[in-house]
Amino acid sequence: MSEKYFKLDYETTTGVDLVAFRQELELTQAQMALFLNVSRPTYINKIERSDEVIARLLNADQRHTLRVLLNADGMSLWLDYLSISFKMRTAEWLVKTLLQSGYDLFIQRDGGRFGYSITYAFAGQAFITVYGKKDAPESLITVSGQGIRILENMLMQQDRNIFDFLSLALDNGGHVTRLDYAFNDMERIFNIFDLYKIVEAKRYTQKFRSEPTFIGNGQSGGATMYFGSRSGQVFFRFYEKDKEQATKRHIPHEEIGIKNRYEIELKQDRAQTLAQHLVEKRKVGPELFAYFQEYVRFYDVSVDKMAQKEIDKLQQWAPWRAFLQQASVVEYVAQPVDLSMARSLDWFITQVGPTLKALILYFGQETIDEIIDDAELSPRQKKLLSVAEKVNLPF
């Protein structure tokens, strides 16, 4: 659903409109009742069958949830990190069969991380890296943020998708050791600092052993909250993406489309199980929604020293319920674009451009042109350009 955003008028939406909305998102009446914190009979009889504007039939928390559902600019879901290890497949097999690529697109070097002795770096970059051993058919592939987008582009050109990729890996004994996804919130369903205040007030429960961590003042660089341990099998990171990028790129945060980002990081058995479910069901959102439901909950009142049976009766914080609703229905959509050269251009515009202009004004255009003409590309830059031409990666 990341490319389909619904724009129902909050002030005129009736029960009939909500039925169509629910059916389009493939939600049941029971699910909608859960998100609005009413019983299923109440939801059906009082809301879906009402000819009145339904916002008038709901309390403040329910209206907030409904407002987010109907007016949100949308939420997208991206794959953010992937690593798969193999005990009986060589690095050469990963390049030729799993990636269906060629060695000319990689830079090979001796040595590697995690105990491996050979490294193949796609286009000389660290975004897609294959590791192998000289004396054993063991291998590992790691794909991070920028590399995920490149991988999606490669798979699209091969008439494959990430589910096909995972299926081939699992069929050949691959063990998914890490799988990260990111929910991109274009509306800011809730403020990260508000979430911090809820935690401070003991208005939450969690399955994690370690206490949540808050970083930042909510201004420069934005605010971030961590739930769980980075060494554990499940880890959440919620942060203000727009403010982080604005600080990094020296631009107003209003220019960044993504407001908040909610990341979930799964490792070892959790990552392997998720990969198996994705191959079988080919739906990501509902699987990740289950983790959020299981590991953290936020409430309107303090639950400190409250019995679990009493906590179970409480209504969860309305913005959190709204987030869960969107997380449960958003669809993973590949973003198959090459970001390596775009990233270089963006860096040039924000970091180099002003300095270059000052140098031209001081030394003159001719002198700067001579410097550029005499400059030599590094092997890594040459490989990147070569790969871009061979696999037709868009700039």
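Keep in mind the model is a prediction, meaning the values are calculated, not measured. (Residues numbered from 1 in each chain as written. Predicted model: local features only at pLDDT ≥ 70, side-chain atom pairs only at ≥ 80, totals over all residues. Heavy atoms only, no water.)

Engineer: Tell me about a negative patch on the surface, and name the residues and values.
Structural biologist: Judged by side-chain charge, E366, D369, E370, D373, D374 and E376 come together as a negatively charged surface patch. Among the secondary structure elements, D369 is positioned in helix α15 (residues 365–374). D369 sits in the partly exposed class, given a relative accessible area of 34%. (Patch = residues over 30% accessible without salt bridge, like charges linked within 9 Å, V, L, I, M, F, W, Y side chains within 5 Å. Areas by Shrake-Rupley, 256 points an atom, 1.4 Å probe, with all protein chains shown as cover. Salt bridge = Lys/Arg side-chain N within 4 Å of Asp/Glu carboxyl O. Lys, Arg positive; Asp, Glu negative; His and termini not counted. Charge placed at Lys NZ, Arg CZ, Asp CG, Glu CD. Helix = DSSP H or I, 4+ residues; strand = E, 2+ residues; numbered from the N terminus. Buried < 20%, exposed > 50% of the residue type's maximum accessible area, 1.4 Å probe, protein only.)

Engineer: A description of the side chain of S139 should follow, citing residues and the corresponding values.
Structural biologist: Its place among the elements puts S139 in strand β5 (residues 139–144). Here S139 falls in the buried class, since its relative accessible area comes to 0%. If sequence neighbours within four positions are ignored, S139 has contacts with I84, S85, F86, R89, T90, A91, L94, Y116, Y131 and G132. (Contact = heavy atoms within 4.5 Å.)

Engineer: An account of the pattern of salt bridges is requested, with residue identities and associated values reported.
Structural biologist: Any two side chains of opposite charge can pair, so long as their charged atoms come close to each other. Summed over the entire model, instances satisfying the criterion amount to 19 salt bridges. With a closest N to O distance of 3.8 Å, R188 and E240 form a salt bridge. In this pair, R188 is assigned in the loop between β6 (175–185) and α8 (192–200) and E240 in strand β10 (residues 234–240), connecting sequence segments 52 residues apart. Exposure remark for R188: the relative accessible area of 18% places this residue in the buried category. One salt bridge in this structure joins D242 and R188, with 2.5 Å as the shortest N-O distance. Within this pair, whereas D242 is found in helix α9 (residues 241–249), its partner R188 is found in the loop between β6 and α8, the two being separated by 54 residues in sequence.

Engineer: Tell me about the packing of helix α10 (residues 268–281) against helix α11 (residues 285–295), residues and numbers included.
Structural biologist: It is at 10 Å that the axes of α10 and α11 come closest, and there the two elements cross at 140°. In terms of their interaxial angle, α10 and α11 are classed as oblique. Residues R270, L274, H277, L278 and K281 of α10 pack against E287, L288, Y291, E294 and Y295 of α11. When grouped by side-chain class, the residues that make up the contact of α10 with α11 number 5 nonpolar, 1 polar and 4 charged. (Axes fitted to C-alpha atoms, helices over the stretch in contact; angles between N-to-C directions. Parallel < 35°, antiparallel > 145°, perpendicular 65-115°, else oblique. Nonpolar A, V, L, I, M, F, W, Y, C, P; charged D, E, K, R; others polar.)

So, to be careful, I would describe these as geometric facts and stop short of saying anything about function.
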